[in-house]
Amino acid sequence: MISEYTNKQRSSNPGKLSYEEFETLCFDLKAKDVASMFKMVVSKKENLETIGMSSQSADGTTHSVGMEEQLAFSDWINSNIGHDVDLSHLLPIDGEGRELYAKIKDGILLCKIINHSCPDTIDERAINKKNLTVYREFENLTLALVSSQAIGCNIVNFDAHDLAKGKPHLVLGLLWQIIRIGLFSHITLDSCPGLSTLLFDGERLEDLMKLSPEAILLRWVNHHLANAGISRRCTNFQSDIVDSEVYSHLLKQIAPNKAGVSLEALRERDMTERAEIMLQQAGKLNCRSFLTPQDVVNGVCKLNLAFVANLFNNHPGLNKPDQIEGLEANDDVGTTNDLLQKHKSLLNEIKQSFSNGKDMCTKEIIGPSLNEDPNNILLGMTKICCELIRDKKLEQSDVLWHEIKGLEFEKFANKETMAKAYRIYSRANFDVGRFLIAESSLRISCRFHKKVDSLAELEMLKEINSDLLKRRQLADTHAQPLLPGVSAFLPGRQRGR
């Protein structure tokens, strides 16, 4: 801007502006009415629909909605949950996706999408499906919002009223978060042990798992490009994929031989036609989701990322290695069977000692094995605790559980195992009427896992809450939610059924 001004007018100090020159420049810009020009530019951007959400919108406040996202999400919904009988009155959504915002207003569709991305997040019995009134629809929307927050969605500055109004930018933003969480949830060692083959020389497994899902997907793509003998590498899901070359080689590499996937697309010069042929090859793998040829050519990052994640989930094309660097057992431990046998003897020693009421320091016994197999050790010790509880040896169980927490398994075990251990311990204490301990353990479990896993746990929550309310003589007041995302299942709340 300064250089442009300097070229037009001779400045006393080239490259700088005096106060008088700055004032003159501001008057010139104001005279050109830049604000109105900016509004025109936004309105004219391709594949972007501007929507005024308030009376102030006429003065320039607009929200932009990517039409390609609207189309992609609608198509994904039709393909993945279109068979659900509870949604027969809502699906399919029209080809352009314009009905999407009206279809989510009763909350049923949104709850179903959440359960598809993260199974069993919402108990189907809690969804109002019949005799819907405005209030029952709002209950569904509130349940969906609270549950989406529980699985990791960022819910800021909007509520059920905004969804009921079908505000497009908020609906699409929430849908993307839910779909993204579902797609990325499979990029783990549990779902795909072959991820360890993506390790670079000298890299440990924990270094790989610290990477973002996007970075892991990029490494996965480049791994297959290297195996295909292609020198080209992908560094992003925008400019690097617009010519469909990376996608064509990736599809050829991960496809089973009988799928008939070819490099036919690379013979086409027109980029849009090439993208269409490439997507036809993806269709042979049942993975033609999220993208249109134009989305490939335009390099729409969000949708291309979803496309690649879907490919990874269905056809990772990674072989599980015999040994994983950073996880293999020490030489003095021996084979996996020897390792498990060693754990068994250690756990038996602990069980016998605590059953006989002897004092012992489990840290000195278990400590050296924490790096070898922390998940199995944690579950084994937790089950010993539960056996002591069932044998009415509550004092010994409490001492052992205190020592288990002192071992700080969260530094060694994965989050799923931590959540499972606290759930097992919670159930054992609940069975003997120790409701406060059961409640505390279930709370901690949800901090690791961010959701309640089973109907049995929901029933446990209701009984815990009911018992605590009676003890506090507050049975006629509204119960406070014990855990995120499950307030709809707790007693003390009128659901109007």
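Up top is the structure.
All of these numbers come straight from a predicted model, not from anything done at the bench. (Residues numbered from 1 in each chain as written. Predicted model: local features only at pLDDT ≥ 70, side-chain atom pairs only at ≥ 80, totals over all residues. Heavy atoms only, no water.)

This part covers the pattern of salt bridges. For the structure shown, the criterion picks out 16 salt bridges. Ionic pairing is found between Asp86 and Lys112, a salt bridge with its closest N-O pair at 2.9 Å. Residue Asp86 is located in the loop between α4 (67-81) and α5 (100-103), and its partner Lys112 is located in helix α6 (residues 108-117); the two are separated by 26 residues in the primary sequence. Here Arg180 and Glu214 are joined by a salt bridge, their closest N and O atoms 2.5 Å apart. Placement of the pair is Arg180 in helix α9 (residues 168-184) and Glu214 in helix α11 (residues 213-227), with a sequence separation of 34 residues. Judged by relative accessible area, which is 27%, Arg180 ranks as partly exposed. The class of Glu214 is partly exposed, set by a relative accessible area of 24%. Salt bridges sharing common partners tie together Asp84, Asp86, Lys112, Glu124 and Lys129. (Salt bridge = Lys/Arg side-chain N within 4 Å of Asp/Glu carboxyl O. Helix = DSSP H or I, 4+ residues; strand = E, 2+ residues; numbered from the N terminus. Buried < 20%, exposed > 50% of the residue type's maximum accessible area, 1.4 Å probe, protein only.)

Right, let's get into the packing of aromatic side chains. For the coordinates displayed, the defined rule picks out five aromatic pairs. Judged by centre distance (5.3 Å) and plane angle (90 degrees), the ring pair of Trp401 and Tyr422 falls under edge-to-face. You can see Trp401 sitting in helix α19 (residues 394-406) and its partner Tyr422 sitting in helix α20 (residues 415-431), a full 21 residues away along the chain. Both residues of the pair, Trp401 and Tyr422, count as buried. Each residue in the set Trp401, Tyr422 and Tyr425 is aromatic and connected to the rest through ring pairs, giving one cluster. Of note, Arg219 hangs over the ring of Phe200, and the distance from its end group to the ring centre comes to 3.8 Å. (Phe/Tyr/Trp six-rings, centres within 6.5 Å; stacked < 30°, edge-to-face > 60°. Lys NZ or Arg CZ within 6 Å of the ring centre and 35° of its normal.)

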